[in-house]
Amino acid sequence: MLSEHHFSEASQTVVRLAQSGAATEASQELMEALASRKAVTREAFEALMAQLATAGQAEEASSWFQRMIANGFEPGVKSCCAVVDAWAQRDPEKAQEILEQFEAEGRPLDRFAYTSVLGAFADAGNCERAEALLERADSQGHRGDVAAYNALLKGLVRKRDFEPRVERYLQQMRRARLAPNEITYTTILGASAERGQEAQ
């Protein structure tokens, strides 16, 4: 039986390394802890996956997600969202596939996961898929936030399809009682200036 000291020490080291951005070292530390049968916590897995997602290391995040399950931990919202976010940075299609798989399995998600994939599609100029994800998030009880609408607006600017939809998005934000922020207005002003619509 491992002492509480051993239990917390291994996990704390992994969390500290992950939070400092040292994903490789955190991975090695957690692998060694598991190999030597030291007790670790779910927080150690979650901290590592969050850092892997930040670094865009999608395969590694997915691999640790499976290891976490194999070690008897039920994935929480942090770990599920980390995997979705990691793939969103790499491959929006794959990210949506994982998002839908998690939905089907009843795994916990929050609006960040949907916004992450939505933003990836918007960045790629696929505003139709991004809009569909906004609707999907709402249907799952995760109402779109300002970040989601800002991502859509930026996508429209990249696609040069701004004018017809900008007012509709602003109206949707008002109905949802979301206040546009500095990014929202900067995006709108920049797009209008680019189109020579100084009065607007």
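Definitions and cut-offs
Going along each chain's sequence as written, the residues are numbered from 1 onward. Given that the model is predicted, a residue must reach a pLDDT of at least 70 before its local features are reported, and side-chain atom pairs must reach 80 or more before they are shown or counted; all residues, however, enter totals for whole chains, interfaces and linings. In computing side-chain properties, one takes all heavy atoms of the structure into account and sets aside hydrogens as well as water. Each residue's exposure class comes from its accessible area (1.4 Å probe, protein chains only) as a fraction of the maximum for that residue type: buried when under 20%, exposed when over 50%, partly exposed otherwise. What counts as a helix is a DSSP run of H or I of at least four residues, what counts as a strand is a run of E of at least two, and both are numbered from the N terminus. UniProt positions are given in the numbering used here, feature names are shortened, and annotations may be inferred rather than shown by experiment. Here the term cavity refers to a set of points on a 1 Å grid, laid over the protein atoms alone, in which a 1.4 Å probe fits but cannot get out; the term pocket refers to an open set having protein on both sides within 12 Å along at least five of seven lines, with lining residues being those that place an atom within 4 Å of a point. Grid points are joined across faces, edges and corners, and a volume is the space filled by probe spheres set on the points. Polar here means any residue outside two lists: the nonpolar Ala, Val, Leu, Ile, Met, Phe, Trp, Tyr, Cys and Pro, and the charged Asp, Glu, Lys and Arg; Gly therefore counts as polar. Stacked, tilted and edge-to-face pairs are distinguished by plane angle, under 30 degrees for stacked and over 60 for edge-to-face with tilted covering the rest, among Phe, Tyr and Trp rings (Trp via its six-membered ring) whose centres lie within 6.5 Å. In this scheme, Lys NZ or Arg CZ marks a charge over a ring once it lies within 6 Å of the ring centre and within 35 degrees of the ring normal. Axis lines are fitted to C-alpha atoms, over the contacting stretch for helices. Their N-to-C directions set the angle, which ranges from 0 to 180 degrees. Oblique is the label for every angle not falling under 35 degrees (roughly parallel), over 145 degrees (roughly antiparallel), or within 65 to 115 degrees (roughly perpendicular). Put simply, a crossing is left-handed when the front helix is turned counterclockwise from the back one by less than a right angle, and right-handed when it is turned clockwise. Two residues form a contact once any of their heavy atoms are found within 4.5 Å.

Caption draft 1: The arrangement of unusual backbone geometry in detail. Of note, Arg37 is a non-glycine position whose phi angle comes to about 60°, a positive value. The class of Arg37 is exposed, set by a relative accessible area of 72%. The phi dihedral of Arg177 falls on the positive side, at around 60°, and the residue is not glycine. Structurally, Arg177 can be placed in the loop between helix 10 (163-175) and helix 11 (182-194).

Caption draft 2: Region of interest: the UniProt feature "repeat: PPR" (unreviewed entry) in the protein. The UniProt entry lists residues 41-75, 110-144 and 145-180 under the feature "repeat: PPR" (unreviewed entry), expressed in the numbering used here. Here residues 41-75 is 74% helix and 0% strand, with 12 Å between the C-alpha atoms at its ends. Along residues 110-144 one finds 74% helix and 0% strand; the C-alpha atoms at either end are 10 Å apart.

Caption draft 3: The arrangement of empty space enclosed by the protein in detail. Under the definition given, this model contains 1 cavity of 30 Å³ or more. In this structure, the largest cavity occupies an estimated 40 Å³ of space. Looking at the largest cavity, the residues that line it are Arg111, Tyr114, Thr115, Leu118, Leu134, Ala137, His142, Arg143, Gly144, Asp145 and Ala148. Within the residue set of the lining of the largest cavity, elements represented by two or more residues are helix 7 (111-123) and helix 8 (127-139). If you tally residues by element for the lining of the largest cavity, the top one is helix 7, at 4 residues. Grouping the constituent residues of the lining of the largest cavity by class yields 5 nonpolar, 3 polar and 3 charged.

Caption draft 4: Structural context of the packing of aromatic side chains. Inspection of the entire model under this criterion finds 4 aromatic pairs. Note on Phe45 and Phe73: the rings are 5.4 Å apart at their centroids and 50° apart in plane angle, and the pair reads as tilted. Here Phe73 lies in the loop between helix 4 (58-70) and helix 5 (77-90) and Phe45 lies in helix 3 (residues 42-54), a separation of 28 residues in the sequence. Classification of Phe45 by relative accessible area gives buried; the value is 1%. Overall, the relative accessible area of 21% leaves Phe73 in the partly exposed class. Ring pairs connect the aromatic residues Phe45, Trp64 and Phe73, which therefore count as one cluster. Geometry around Trp64 places Arg67 over its ring, the cationic atom sitting 4.3 Å from the centre. The side chain of Lys94 reaches across the aromatic face of Trp87, ending 5.6 Å from its centre.

Caption draft 5: The arrangement of the packing of helix 2 (residues 23-35) against helix 3 in detail. Between helix 2 and helix 3, the least distance of the axes is 10 Å, while the angle of their chain directions is 150°. Judged on the interaxial angle alone, helix 3 and helix 2 are roughly antiparallel. Here helix 2 runs over helix 3; the crossing is left-handed. On the side of helix 2, the interface is formed by Ala23, Ala26, Ser27, Leu30 and Leu34, while helix 3 contributes Ala44, Phe45, Leu48, Gln51 and Leu52. Considered class by class, the residues forming the contact of helix 2 with helix 3 number 8 nonpolar, 2 polar and no charged.

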